[in-house]
Amino acid sequence: MRLDPYLLRKDFPMYSKHDSSFEGKPLVYLDNCATSFKPQCVIDACNHYYEDITANTRRGDYSLAHQADKAYDEARATVAKFLNAKDSKEIVFTSGDTFGMNMAAYGLLPLLKEGDEILLSPSEHASNVLPWFEVAKLSKAKITYVELDEENRITLENYQKALTSKTKIVSLASVGNVLGYAIDVKKFVSLAHEVGALYIDDAAQSVAHKKSDVQDSDVDILVFSGHKMLGPTGIGTLYGKMSVLEKMKPLFYGGEMNARFKRDGYLTLDDIPERFEAGTQNVAGALGLAKACEYLSSIGFDAIEEHEAMLRKRAIEGLKKNGNAIIYNENSDTGIVTFNIKDVFAQDVATYLSSKGVFVRSGQHCAKILPEYLKTQGTVRASFYIYNTIEDVDTFIAACATAEDFLDAFFS
Amino acid sequence: MPFSLDHQELLREIIVDNYQHPRNFGEVNDDSYVTIHMDSASCIDDIYIQVKMVSDKIEDVKWHGTGCAISMASTSIMSELILGAKKEDALNIMKEFNKMMAGEDFDEEVLGDAICFINVNRQPSRITCANISWRGLQKAFLEEEKKEHV
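Worth saying up front: this structure is predicted, and the values here are computed from it rather than measured.

## With respect to the overall build of chain B
Along its length, chain B carries seven helices and three strands. The N-to-C order of helical and strand elements in chain B reads α-α-β-β-β-α-α-α-α-α. Its C-alpha atoms give chain B a radius of gyration of 15 Å, within 12% of the compact-globule value 15 Å for 150 residues. The dimensions of chain B, computed from C-alpha atoms along their principal axes, are 50 × 30 × 25 Å. Among the 150 residues that make up chain B, the fraction classed as buried is 47%. A separation threshold of at least 6 residues defines the contact pool for chain B, and within that pool the share at least 24 residues apart is 58%. Accessible area for chain B stands at about 7300 Å²; split by element, carbon and sulfur atoms hold 48% of it. For chain B, the separation between the mean place of its 15 positive charges and that of its 27 negative charges on side chains is 3 Å.

This is the structure we're talking about:
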């Protein structure tokens, strides 16, 4: 069934509380790749913890603490179901994608040795590059890259060329955050496994837009943030196959992740996943994230993909008709449109659009190797989501049409 | 009415002119210049400012790099304002410029063409673009002081 963005907006206070406007102009929020708005049910789920069941989890022997434990465990089960994980113990709560990628990289460090290869791509976000740089330094492993094709896409052919018998880890975004290209994760995973490599799916940009099924794709680890998928900030998930989590070293040490320790340094770890969740957890965030999973599932990913594709098509057509844009990902697979206005610096475009109430991202979008390939220093990125409407796209296109007048943002 | 409020078109042209025809643009390979690299994680601006001090006077200033229209024009205008100036006069211009950015009363007389940025705080996220050059100059002065104490 088609989704109705006008109806969905009623669920989102950012629209419903403010009559879909911001600072006196219609609110055209097109930076969904950076973060998404939150539906009331997610906010309520977080507040439920603060208003009704506040107690620290996994510590209390009283009934209130039991309620908090129960809600936290249920949230874990909901996320497991959302990803189709075999067991909810394979779900580790994190603070977000960056934390998850660091947890994966440092967690797998003991498995790496000199000469091993960690395979990335030049289009990865900093959070899927920099932890590996550090881990490569410590282990003397080597970072290798899948080359991009002329469209700056990761192709199966180039991926196969880059995989070697030395590849121990493959870590790629299932959807790139700048150009929005998707890869065939299932196929990529099976090829990685053929050479004996572990496969890590940076799902930060895919989890909100496409169905994730970790059993079907057979990924070893999948990492994402809650806030890009209608969930709260400060919460995310690392999914790991139980056999992989068993090999991983925790990144943080402290409360509740240990079973026993003694003065001589003796330490035994708690079970999985608790050993990866040191300290008091973001319980409210976990409850909110679980609610976001349920909300997205109730809409359905077929409807989400269809809606985003429709908006994207209209945006591409509009930019082409305007005639002043350079489009970098005309054939992208998701609701991301990356472009520049000829002879105007990306940031100047973004400020100009902002003066018209249209909020987009400009810059390098944290993927700082990619500009070499795009042959531009920065780009403007508009990213669509479930609550964006045809009118949003049309306002965006109309604003882009006159973006050469970018100084109007300061003078008119 | 102050000049700045009555001449919006002119102010706009100053920005465009300095963006398209940057003044004192170039790179020198000379140890007597202090070189400051201004870049940041959140924006694309990537600007190098090179300052040569003789006693307390700015003997020469050069800059190169890339950035948005606001940051490039600001650096160009700053380079013209401070070239040949005494350090204390440059600091005074910086002080008045910062007051303008903060929306406080300021001395329009000393700002010269830099008055063109009077409206930048309408887009608060862009103040860091307009003052990138001045922040760079401040760093250059600090580096110069360190050199003097070696």
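## Concerning the domain arrangement of chain A
Residues and elements named next belong to chain A. Partitioning chain A into structural domains gives domain 1 (5-30 + 300-411) and domain 2 (42-298). Summed over both partners, the interface of domain 1 with domain 2 comes to about 2600 Å²; 58% of that surface belongs to carbon and sulfur atoms. Our count for the domain 1 to domain 2 interface comes out at two salt bridges. Of the charged contacts, one joins E305 and K210 as a salt bridge, the two residues approaching to 3.2 Å between their closest N and O atoms. Connecting domain 1 to domain 2 are 21 residue pairs in polar contact (both at pLDDT 80 or more). Class assignment of the residues belonging to the side of domain 1 that touches domain 2 gives a composition of 17 nonpolar, nine polar and five charged.

## Digging into a negative patch on the surface
Together, D56(B), E88(B), D89(B) and E148(B) line one region of the surface with negative charge. Within the secondary structure, D56(B) sits in the loop between β2 (46-54) and β3 (57-66).

## Overview of helix α3 (residues 40-52) of chain A
Residue and element names in this part refer to chain A. Between its first and last C-alpha atoms α3 spans 17 Å; for 13 residues at 1.5 Å apiece the expected length is 18 Å, and the two agree. Helix geometry: α3 is bent most strongly at C46, by close to 25 degrees. Inspection of α3 places V42, A45, C46 and Y49 among the buried residues, and these make up the whole buried set. On the buried face of α3, the contacting elements are α4 (63-83) and α11 (283-299).

Reading guide: rules and limits
Residues numbered from 1 in each chain as written. Chains lettered and ligands numbered in written order. Predicted model: local features only at pLDDT ≥ 70, side-chain atom pairs only at ≥ 80, totals over all residues. Heavy atoms only, no water. Helix = DSSP H or I, 4+ residues; strand = E, 2+ residues; numbered from the N terminus. Rg over C-alpha atoms; globule rule 2.2 N^0.38 Å. Buried < 20%, exposed > 50% of the residue type's maximum accessible area, 1.4 Å probe, protein only. Contact = heavy atoms within 4.5 Å. Areas by Shrake-Rupley, 256 points an atom, 1.4 Å probe, with all protein chains shown as cover. Lys, Arg positive; Asp, Glu negative; His and termini not counted. Charge placed at Lys NZ, Arg CZ, Asp CG, Glu CD. Domains from an automatic or database assignment. Buried area = accessible area lost by both parts, 1.4 Å probe. Salt bridge = Lys/Arg side-chain N within 4 Å of Asp/Glu carboxyl O. Polar contact = N/O pair within 3.5 Å; in protein donor to acceptor, adjacent residues only side chain to side chain. Nonpolar A, V, L, I, M, F, W, Y, C, P; charged D, E, K, R; others polar. Patch = residues over 30% accessible without salt bridge, like charges linked within 9 Å, V, L, I, M, F, W, Y side chains within 5 Å. Expected span 1.5 Å × (residues − 1). Bend = angle between axes of the 7 residues up to and from the residue.

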